[in-house]
Amino acid sequence: MKKKTSYYFFMLCLALMLNSCEPPYSGSKIIEIKNEFYDAQNQPINGLSIRYTTEMNDGYYFGYNTDNFSRTTDAEGKISISTFKPFQKLYVVYEGNTQLVNFYSELKNLTTETINYQRFYVLRYDESVDLYLNFSNSNPVKQLTDVTFSGIGNEDSNANLNEDSRIYRVKTNQTVTITYSVYDSQIKNSQEFITTITVGTSTISQTITL
């Protein structure tokens, strides 16, 4: 009986190991990434070391496997990648120094039908502030479905936030645009809204009511 129990335990461990070895990428779907990296003056940055990763942050993963690969920007501040589509979310990471702000941002809309043309900004601490957004919703039939930021700055995907909150690191003294979509389950329809936010030299915390 003891040998039989040991055998089943071994098979269970083996099954778990095989499951954890599932590849992080689809073997058939190819995605195209053409990212751009600029400074606060909208000038491309040459020779910038950028890391791409499927991990959320140290110790916290979306799945059993993570994958990291690095690229360096060309003379026009661009990185081009053709790769298999990951099963997990994919993030772009810049690890700065005492003057430059780190960023950890999700690559959005990774599909085989379109090219990801996202632009990212490397900002100094003394020329940028945090922008905190909270979407307030007291109506159960309404649901926030998409948020898009337009301006000089990056979304912080590394922050532990609920689905109705966002954090951005943005350049000072500019006006940014937030475009968001709200789905109404009662009328089964989505509406798009646009709001502008004036950024000064201090941290901003703003609530948007759905």
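Provided above is the structure to which this section pertains.
Read on for an overview of the structure.

**Some thoughts on the sheet that holds strand β13 (residues 174-184)**
Read from one edge of the open sheet, three strands run β10-β13-β14, paired in antiparallel fashion. If you trace the sheet from one side to the other, it starts and ends with β10 (142-150) and β14 (189-199), each paired once. The mean angle between the axes of side-by-side strands here comes to 20 degrees, regardless of whether they run parallel or antiparallel. Strand direction decides the pairing type here: β10 and β13, joined by eight bridges, are antiparallel. What sits directly across from D146, in β13, is S181.

**Some remarks on the packing of aromatic side chains**
A complete count under the given rule lists eight aromatic pairs for this structure. Seen from their ring centres, Y91 and Y104 are 5.2 Å apart, and the 45 degrees between their planes marks the pair as tilted. Taken together, the residues Y91 in strand β5 (residues 91-94) and Y104 in strand β6 (residues 103-106) connect sequence positions 13 residues apart. According to the relative accessible area criterion, Y104 is buried, its value standing at 9%.

**Looking at the side chain of N116**
Note on placement: N116 falls in strand β7 (residues 115-116). Those residues in contact with N116 that sit more than four places away from it in its chain are E32, I33, K34, N35, L107, K108 and L110.

**Overview of the environment of I45**
Here I45 lies in the loop between β1 (25-38) and β2 (49-53). The sequence separation of I45 and V122 amounts to 77 residues, and the corresponding C-alpha distance is 8.5 Å.

**Brief notes about the sheet that holds strand β3 (residues 68-72)**
Taken together, four strands build an open sheet; the order of strands is β3-β2-β5-β6 and the sheet is antiparallel. Of all strands in the sheet, those with a lone pairing partner are β3 and β6, marking the two edges. When strand polarity is set aside, the average angle formed by the axes of neighbouring strands in this sheet is 25 degrees. Of the pairings in the sheet, the one linking β5 to β6 comprises four bridges and is antiparallel in character. Looking across to β6, one finds that V93 is bridged to Y104.

**Examining the pattern of salt bridges**
For the structure shown, the criterion picks out 10 salt bridges. For R124, the salt bridge goes to D126, with nearest N and O atoms at 2.8 Å. Judged by its relative accessible area of 62%, D126 is exposed. The salt bridge involving E155 is made with R166; its shortest N-O contact spans 3.8 Å. Here E155 is found in strand β11 (residues 153-155), whereas its partner R166 is found in strand β12 (residues 165-171), with 11 residues between them in sequence.

Calculation criteria
- Residues numbered from 1 in each chain as written.
- Predicted model: local features only at pLDDT ≥ 70, side-chain atom pairs only at ≥ 80, totals over all residues.
- Heavy atoms only, no water.
- Pairing = 2+ DSSP bridges.
- Helix = DSSP H or I, 4+ residues; strand = E, 2+ residues; numbered from the N terminus.
- Axes fitted to C-alpha atoms, helices over the stretch in contact; angles between N-to-C directions.
- Phe/Tyr/Trp six-rings, centres within 6.5 Å; stacked < 30°, edge-to-face > 60°.
- Buried < 20%, exposed > 50% of the residue type's maximum accessible area, 1.4 Å probe, protein only.
- Contact = heavy atoms within 4.5 Å.
- Salt bridge = Lys/Arg side-chain N within 4 Å of Asp/Glu carboxyl O.

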